[in-house]
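Breakdown of the fold
In case you want the letters, here they are:
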Amino acid sequence: MDRPPRTPAADSHLADLIDDVLTEYEIIELRMGFYDEYDASSELLSWLLNDVRDRADDIRLDDPYLLEHHWGSAHPGRAG
């Protein structure tokens, strides 16, 4: 699948999103749904660490705590 071209505006929005969700580790507590029944943090973290990692140069994405959280959500029941 072809990726859309990178633009300065898109990179700026991505940097703003990362800054917003990584402030005080808010990314690990993102929930969606009427009753907050959907854990959105694992999907967003997976997207940030895999799909757009080459565009996201925020050092906080390399934090061992986030990587451990990502591993745990991607492989439930297995030690990281």
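We now turn to the structure provided with this report.

What counts, and at which threshold
- Residues numbered from 1 in each chain as written.
- Predicted model: local features only at pLDDT ≥ 70, side-chain atom pairs only at ≥ 80, totals over all residues.
- Heavy atoms only, no water.
- Helix = DSSP H or I, 4+ residues; strand = E, 2+ residues; numbered from the N terminus.
- Buried < 20%, exposed > 50% of the residue type's maximum accessible area, 1.4 Å probe, protein only.
- Contact = heavy atoms within 4.5 Å.
- Areas by Shrake-Rupley, 256 points an atom, 1.4 Å probe, with all protein chains shown as cover.
- Core = buried A, V, L, I, M, F, W, Y, C linked by side-chain atoms within 4.5 Å.

Quick look at the overall build of the chain
Within the chain, the regular secondary structure consists of three helices and two strands. Ordered by position from the N terminus, the helices and strands of the chain form the series α-β-β-α-α. Taken over 80 residues, the chain has a buried fraction of 24%. Look at the contacts in the chain between residues 6 or more apart in sequence, and 52% of them connect residues 24 or more apart. By element, 54% of the accessible surface of the chain is carried by carbon and sulfur atoms, the whole surface being about 6000 Å².

Remarks on the nonpolar core
Core analysis: the biggest nonpolar cluster contains 14 residues, and Leu14, Ile18, Val21, Leu22, Ile27, Leu48 and Leu61 have the highest contact counts within it. Secondary structure elements with two or more residues in this core: helix H1 (8-22) and helix H2 (40-51). Excluding its chain neighbours within four sequence positions, the residues that come into contact with leucine 14 are Trp47, Leu48, Val52, Arg55 and Ala56.

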